[in-house]
Amino acid sequence: MRAGRLVEPSTDAGVIFWVRMAVFCVFFELFVISTVILLAPAVWTFELNCNRTIRSPSHVRSPDWTPDTLGAYLYCMISIQTPEHLKHLQSVPKITFNRLSVGELGGEDGHKCIGDRYFMILDGGWDSALNPGRYCGSYDQVYSYYAENEDVDLLIVVDSYDDFVEYDISIDWLSKEELPERFGKVPNLIPSLRGNLVQGTVCERVFSECSRLSPCHVQSPGYPGIYPKNVQCRYYLSAASPHIQLYVDPQSRNVFDVGSRQCDDLLSCPIRGLSHFDDCLLDYVKIYDGLDELSPLIGTFCGVGQFPKSVIGTSKEMFLEFHTTHDGPFLGTGFDLRVDHFPGMAQSIYTITSCHKVFKVEDLESTNSLEGIIMSLQHWYPPGTNCTYLIQGKPTQFIRLYFPSFQINPIENPLAQVNGYCRESLSLYDDTWSNGMKVIKTFCEFSKPLENVDIISNGNSLLLNFISRTGSYSGSSMTFWAKYDFFDNRHYGEPVPGTKCDEIFTEDTPERYFASPRNTLLFKPTNQEQDIRCAYRIQSLGGHARIRIVLTNIDLKSFDIMNGNVGPCVKKQCAPTHCQEMDQIQILDGSVGNASVFNQCSKTQFPYDYLSHGPDLSLILRVHGKTSFMNYFKSTAPLFEARFEFIHPKACGPIALEFWRGQIALPPVNSYSYWTQSLYLDNPRNQDFGPMECVWDWVGPNQNGTSAPVSFAVEAWNLPSSTPCSSFFVEIRSISKSYGQFCAGQTKAIVLPQQQQEPSESTASEVIRIHFKKLTSVGGSFNISWKKSISD
């Protein structure tokens, strides 16, 4: 039996195996390469039909939907460059989207472009744009974008091209004249109409010297077209003078449209109306009352609708901030506002922390002003504003307030919607604070004060209190301007209750001086047909028998009815037919009823001295109501000035001396007889007399209208010869003439001549006055005797 053996495999079979494997690998690589080529994205195809540079009016459409394009990645850059001949004209590229459907909004907050499906507008080119925002959505209506720069790039990105992507875009250029909404009707008249762009920024602008003659135009970028996304525009506004005003051009029908829609479906997407509260979280405009965002915030605006009629700041400056989100719909035309200054504004009393001002009389005096002015708030203020205007005079003054103009208008631009009445009110208080017990009047929507009617305070303070529950962007619905002034409420004597200007003077009155009323408001009568009459009564209650009054001067005016002139009456005008409206002063002697009348036609020399016949004397000022306002209102010159004094106390005895023979002695002597009259000045304690003044009237008995000559003797002065005559003297005189004055240490006798009494004159013309005056506190004696010079 034969043993078996092991047979080894053939080497030819191994070679065949490895050859077969190599061939398989080659064919596999070819298969993979061919498959990759067949399935590669069609980018190469889109490069030819999409990326392009445009320098003339053109039309760009999205690629057709074909099996080769569907599902491809689309990255399309359209570069729009303004040709040189249009740059000279400063023409504006206009990009019109006739049809647009790229991506959709969604995400967690519903305001993001989902995936890589969006388009971007790079205004100024790729290099100058700072992180531009993205648009997405589907739009069947025509929308336009008006570039801010000469060159603009459009970038359309779609991660997977399909039949939901479509665009139809027209590119053209407009001259400035063809775009008056942006540059105005005369573009080159005001080059800086839209402010000056801050270098290196997309939309930060500075506006200076805005005025009513040349208002500035504050606009969103791209206006009047769609505004860009992902911008933070800052506008620094400055008016030529206070107070800056931001408003919509009344000749324009443009509406404010910022963030009104946050989705692209015009049928189902809700439209947000204009809001000016802090709930604007996406696209919005913020307005600040001052230089920057650190200033008080006036309001935050978003939505679509009519912008407030005007927003008025408290100074020359205002700051505006425009914010848009990174992603959003291709909607919203932004805003177009004007900036100038509000005319006729007084200095505002409002600040963010206070709305209070004190108006003092010293402020008027320092500027020589007769009246002050208070104006209603004519700028913005927040809800809950509480402003006070305190008018403060001196302790001796009172205040007059009146409204030359007071209008109540509907509350058009409130910051808060409030129901009910008196949403804005103005109250007047006769106090320094809002004291409900001293309220004069409250005005609100249905009540206002009468214009040019005086409101008078009882004291030296008057408070105006304005309260608003709504706030306002453009000033109060109660538009008013008030005037105030101060009047002197001091009296010289004791005022008579129930009268306008009557006063009483007695020995207790501190001053012996008085004049026409300090309160010249009296000369503004409510009834011009009624004359103004002021009675100053001087009455002795302390035993004085006489009153001396000295009228130092008068400054009365008159009205010439025939010539219509106000001024002094010349001699030919002093006839009653010429000076019919003549103001006058009367001095009434209460004891005898006599009256002395003074006016411009009086020939009296001033100062005029009058001595009463009893303890009661009155001065009457009479001014015609028709002319008092034009003649005396707010006049600083008094109509008259006068002094008075009480004389002839009880110690002087009676006033009248009616006997042919008599004597007056100090100290007393015990000698008198029939047909004599002796008067001994009473001094029961035999003490020295203090200062005193006596005036006696001597009227001798009259026989057949003739008075005989009388001799007077003055003697026995117990005073040092050095005593001045002004401190101790006796004078003998008639009303118009002095017969002699005797001083200390003198003894003298005089004889008065015979006088003829005029039948038409009063007996006063026969009065001989004996005037004794002693100013020293101690010492002094005299004896005055008289007798008829012919035998009895």
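Residues numbered from 1 in each chain as written. Predicted model: local features only at pLDDT ≥ 70, side-chain atom pairs only at ≥ 80, totals over all residues. Heavy atoms only, no water.

Engineer: Break down the nonpolar core for me, with residues and values.
Structural biologist: Ranked by size, the top nonpolar core spans 58 residues in total, and within it L246 and F335 carry the most contacts. The residues contacting F335, other than those within four sequence positions of it, are V218, Q219, S220, Y223, Y235, F256, V258, V285, L320 and F322. By size, the runner-up hydrophobic cluster in this structure holds 32 residues, among which are L74, I80, Y135 and I171. (Core = buried A, V, L, I, M, F, W, Y, C linked by side-chain atoms within 4.5 Å. Buried < 20%, exposed > 50% of the residue type's maximum accessible area, 1.4 Å probe, protein only. Contact = heavy atoms within 4.5 Å.)

Engineer: Break down the sheet that holds strand β29 (residues 397–408) for me, with residues and values.
Structural biologist: The sheet built from four strands is open, its strands ordered β27-β34-β29-β32 with antiparallel pairing. The sheet is open, and its two borders are formed by β27 (372–375) and β32 (455–456), each paired with just one other strand. Bridge count for β29 against strand β34 (residues 478–488) is ten bridges, and the pairing is antiparallel. Of the residues in β34, the one forming a bridge with Y402 is K483. (Pairing = 2+ DSSP bridges. Helix = DSSP H or I, 4+ residues; strand = E, 2+ residues; numbered from the N terminus.)

Engineer: Lay out the side chain of H648 with the relevant residues and their values.
Structural biologist: Along the chain, H648 turns up in the loop between β47 (640–647) and β48 (656–657). Take H648: its relative accessible area is 0%, and that puts it in the buried class. At a separation of 3.0 Å, a polar atom in the side chain of H648 contacts the main-chain carbonyl oxygen of V695. In this structure, H648 is in contact with G543, H544, A545, R546, G653, P654, I655, E693, C694, V695 and W696, ignoring residues within four places of it in sequence. (Polar contact = N/O pair within 3.5 Å; in protein donor to acceptor, adjacent residues only side chain to side chain.)

Engineer: Which residues make up the sheet that holds strand β25 (residues 336–341), and what values do they have?
Structural biologist: Across the sheet, four strands lie side by side as β15-β25-β17-β22; this open sheet has antiparallel pairing. Looking at strand neighbours, the two that pair on one side only are β15 (216–219) and β22 (310–312), the edges of this open sheet. For this sheet, the mean angle separating the axes of adjacent strands, direction not counted, is 25°. (Axes fitted to C-alpha atoms, helices over the stretch in contact; angles between N-to-C directions.)

Engineer: Could you give an account of the pattern of salt bridges, naming the residues involved and the relevant values?
Structural biologist: Going through the model one piece at a time under the given rule, you end up with 36 salt bridges. For D531, the salt bridge is made with R622, and the minimal N-O distance between the two is 3.1 Å. Residue D531 is located in the loop between β37 (513–515) and β38 (532–539), and its partner R622 is located in strand β46 (residues 616–623); the two are separated by 91 residues in the primary sequence. Of the charged contacts, one joins R537 and D616 as a salt bridge, the two residues approaching to 2.6 Å between their closest N and O atoms. Residue R537 is found in strand β38, and its partner D616 is found in strand β46; the two are separated by 79 residues along the sequence. In the salt-bridge network here, residues are joined through shared partners; they are E371, R400, D454, K483, D485, K524 and K634. (Salt bridge = Lys/Arg side-chain N within 4 Å of Asp/Glu carboxyl O.)

Engineer: Let's hear about the state of the cysteines: which residues, and what values?
Structural biologist: Counting across every chain of the model gives eleven disulfides. Covalent S-S linkage joins C210 and C216, the inter-sulfur distance amounting to 2.1 Å. One quick way to see it: the torsion about the S-S bond of C210 and C216 is about -100°, and its sign makes the bridge left-handed. For the residue pair C210 and C216, the accessibility class agrees, reading buried in each case. A sulfur-sulfur distance of 1.9 Å marks the disulfide that ties C263 to C269. The sign of the S-S torsion, about 130°, decides the handedness of the disulfide formed by C263 and C269: right-handed. A residue is classified by how much of its surface remains accessible, and C263, at 25% relative accessible area, is partly exposed. Judged by relative accessible area, which is 7%, C269 ranks as buried. (Disulfide = S-S within 2.5 Å.)

Engineer: Any details on unusual backbone geometry? Residues and values, ideally.
Structural biologist: For the bond from P242 to H243, the omega torsion is 0°, close enough to zero to count as cis. Along the chain, H243 falls in the loop between β16 (232–239) and β17 (244–247). The phi dihedral of N230 is positive, around 55°, even though this residue is not glycine. Tracing the backbone shows N230 in the loop between β15 and β16.

Engineer: Mind laying out the packing of aromatic side chains, listing which residues take part and the relevant values?
Structural biologist: If you walk through the whole model with that rule in mind, you get 44 aromatic pairs. Ring centres of F505 and F514 lie 5.0 Å apart, and the angle between their planes is 35°; this geometry places the pair in the tilted category. Each member of the pair F505 and F514 is classed as buried. Taken together, the ring pairs connect F207, Y227, Y235, F256, F301, F307, F322, F335 and Y473 into an aromatic cluster. Positioned above the aromatic ring of Y118 is the side chain of R134, whose terminal nitrogen or guanidinium carbon lies 4.6 Å from the ring centre. (Phe/Tyr/Trp six-rings, centres within 6.5 Å; stacked < 30°, edge-to-face > 60°. Lys NZ or Arg CZ within 6 Å of the ring centre and 35° of its normal.)

Engineer: Break down the environment of K94 for me, citing the residues and quoting the values.
Structural biologist: As for its placement among the helices and strands, K94 is situated in strand β4 (residues 92–102). On the basis of relative accessible area, K94 is assigned to the partly exposed category, the value being 22%. In this view, K94 contacts S144, Y145, Y146, S170, I171, D172, W173 and L174; residues no more than four positions away in its chain are not counted.

Engineer: Which residues make up the side chain of D327, and what values do they have?
Structural biologist: As for its position among the elements, D327 is in strand β24 (residues 327–328). Judged by relative accessible area, which is 2%, D327 ranks as buried. Polar side-chain contacts of D327 include one of 2.7 Å to the side chain of R134. D327 has contacts with H111, K112, C113, R134 and K229, leaving out every residue within four places of it along the chain.

Engineer: Before we move on, can you summarise the pairing of strand β20 (residues 297–301) with the specific residues and values?
Structural biologist: The buried fraction of β20 amounts to four of the five residues, a majority that puts the element mostly inside the structure. Bridge count between strand β19 (residues 284–288) and β20: four bridges; the pairing is antiparallel. Within β20, the position partnered with V285 by the bridge is F301.

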